[in-house]
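What follows is each chain in one-letter form.
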Amino acid sequence: MLVLVAPGQGAQTPGFLTPWLDLPGAADRVAAWSEAIGLDLAHYGTKADADEIRDTAVAQPLLVAAGLLSASALGDVNPGAVAGHSVGEITAAAFAGVLDETAALKFVRTRGLAMAEAAAVTETGMSALLGGEPEVTVPHLERLGLTPANVNGAGQIVAAGTMEQLAALEADKPEGVRRVVALKVAGAFHTHHMAPAVATLEEAAKGLSVADPAVPYVSNKDGQTVATGAEGVARLVGQVANPVRWDLCMETFQQLGVTALVEVCPGGTLTGLAKRALPGVATLALKTPDDLEAARTLLTEHATQA
């Protein structure tokens, strides 16, 4: 059984979309999406520097567009389940048929703008903690006023809060944590700092046309599969201010019988977690079109098993 997953913010790097635009029809699709959302995705995905694509309002639609583009390049995909980390859950919603591609991109454009506006109120950020045990790390973060915004499993928790709180974390790491790494994001996502964005997304969601998932759609709120399109969209709205529980998603993958995992562009983060948390599961990250042939082989082999 193969799971198709989509990464979240921080996975983007300058120029990562460039090789994908050489695929037949890709440039035209990206141009149409750009016009629909009022953002030049091709420019930001090929020519913009790291600071420009760190902007929340840019990074989020860029990541969803890249995920959709790379997944479509695989051809007919019939995964056993889909999921996404943070903003990647919107990409997964499109994979599952809950939203069409244009609706997903319009929604993520609204999400990115609303979260950027919320992040501008207070200077905040996020840092990944490598190593340590959740039962020790989480109380330590809470004592510092930080939120365990992403519980990723495989020995990784992401803390979010003000820059002062994150500086205090650098000076006072939880027992067992080897390193604290600042992430390439511009706010304390999945915390109370994002509460203003929830109201904006609630309003935006009213205009969405949604369908029930065509494949098992695993929510990063609690690792549970989502039964209806309405429930999926409600979770997309609330998740901007709630922690991401990717550890629970991976537990669900195991319960479903996962044998392989493919991460769409810009892949790498989630496959890295899977390699540590899901031993024996074949993994592949779609970084460039050069990875497509191997991914198609994996899809064929594991779809047959499913």
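Note: the structure precedes this text.
So, here is what we can say about the structure in this document.

Analysis parameters
- Residues numbered from 1 in each chain as written.
- Predicted model: local features only at pLDDT ≥ 70, side-chain atom pairs only at ≥ 80, totals over all residues.
- Heavy atoms only, no water.
- Helix = DSSP H or I, 4+ residues; strand = E, 2+ residues; numbered from the N terminus.
- Rg over C-alpha atoms; globule rule 2.2 N^0.38 Å.
- Buried < 20%, exposed > 50% of the residue type's maximum accessible area, 1.4 Å probe, protein only.
- Contact = heavy atoms within 4.5 Å.
- Areas by Shrake-Rupley, 256 points an atom, 1.4 Å probe, with all protein chains shown as cover.
- Lys, Arg positive; Asp, Glu negative; His and termini not counted.
- Charge placed at Lys NZ, Arg CZ, Asp CG, Glu CD.
- Core = buried A, V, L, I, M, F, W, Y, C linked by side-chain atoms within 4.5 Å.
- Pairing = 2+ DSSP bridges.
- Axes fitted to C-alpha atoms, helices over the stretch in contact; angles between N-to-C directions.
- Parallel < 35°, antiparallel > 145°, perpendicular 65-115°, else oblique.
- Left-handed = near helix turned anticlockwise from the far one by under 90°.
- Expected span 1.5 Å × (residues − 1).
- Polar contact = N/O pair within 3.5 Å; in protein donor to acceptor, adjacent residues only side chain to side chain.

### Comments concerning the overall build of the chain
For step 1, the next point in the chain: Scanning the chain from terminus to terminus reveals 13 helices and nine strands.
For step 2, the next point in the chain: What you see for the chain is a C-alpha radius of gyration of 18 Å, in line with the 19 Å of a compact globule of 306 residues.
For step 3, the next point in the chain: Across its three principal directions, the C-alpha atoms of the chain cover 50 × 45 × 35 Å.
For step 4, the next point in the chain: When burial is assessed residue by residue, the chain has 55% of its 306 residues classed as buried.
For step 5, the next point in the chain: A sequence separation of at least 24 residues applies to 74% of the contacts in the chain between residues at least 6 apart.
For step 6, the next point in the chain: Per element, the accessible surface of the chain, about 12,300 Å² overall, is 50% carbon and sulfur.
For step 7, the next point in the chain: Seen as two clouds, the 19 positive and the 33 negative side-chain charges of the chain have centres 3 Å apart.

### Brief notes about the side chain of His193
For step 1, the next point in the chain: Counting through the fold element by element, His193 comes out in the loop between strand 6 (177-182) and helix 9 (195-205).
For step 2, the next point in the chain: The residues contacting His193, other than those within four sequence positions of it, are Ala118, Thr124, Gly161, Thr162 and Ala188.

### As for the nonpolar core
For step 1, the next point in the chain: Counting 76 residues, the largest nonpolar core has Leu99, Tyr217 and Leu286 as the members making the most contacts within it.
For step 2, the next point in the chain: One finds Trp246, Leu261, Leu270 and Leu278 within the second-largest nonpolar core, a separate group that totals 18 residues.

### Notes on the sheet that holds strand 7 (residues 217-218)
For step 1, the next point in the chain: In spatial order, the strands read 7-2-1-8-9; together these five strands make up an open sheet with parallel pairing. Each of the sheet's edge strands pairs with one partner strand only, and the pair in question is strand 7 and strand 9 (282-285).
For step 2, the next point in the chain: Sheet analysis places strand 1 (residues 2-6) next to strand 2 (residues 81-84), joined by four bridges and oriented parallel. If you follow Val5 over to strand 2, its bridge partner there is Ala83.

### Notes on the packing of helix 11 (residues 246-256) against helix 12 (residues 269-277)
For step 1, the next point in the chain: Packing of helix 11 against helix 12 brings their axes to within 11 Å, and their N-to-C directions diverge by 60 degrees. Considering the angle they form, helix 11 stands oblique to helix 12. For the pair helix 11 and helix 12, the sense of crossing is right-handed. Within the contact between the two elements, helix 11 uses Trp246, Met250 and Gln254 and helix 12 uses Leu270, Leu273, Ala274 and Ala277.

### Concerning the sheet that holds strand 5 (residues 156-162)
For step 1, the next point in the chain: Taken in spatial order, the four strands make up an open sheet running 4-5-3-6, and their pairing is antiparallel. Looking at the sheet topology across the chains shown, the edges are occupied by strand 4 (147-153) and strand 6. Shown here is a sheet whose adjacent strand axes are inclined to one another by a mean of 25 degrees, direction ignored.
For step 2, the next point in the chain: When strand 4 meets strand 5, the two strands line up antiparallel, connected through five bridges. Among the inter-strand pairings, Asn150 is bridged to a residue of strand 5, identified as Val158.
For step 3, the next point in the chain: Running at roughly 135 degrees to strand 5, helix 8 (residues 163-171) makes contact with strand 3 (124-131), strand 5 and strand 6 of the sheet.

### What about helix 4 (residues 56-72)?
The α-helix advances 3.6 residues per turn, and as a result positions three or four apart in sequence lie on the same side.
For step 1, the next point in the chain: Between its first and last C-alpha, helix 4 extends 24 Å over 17 residues, near the 24 Å set by a 1.5 Å rise per residue.
For step 2, the next point in the chain: In terms of burial, helix 4 is largely enclosed, as 16 of its 17 residues are buried.
For step 3, the next point in the chain: Two or three places before Ala57, at the opening of helix 4, Asp55 has a side-chain oxygen 3.0 Å from that residue's backbone nitrogen.

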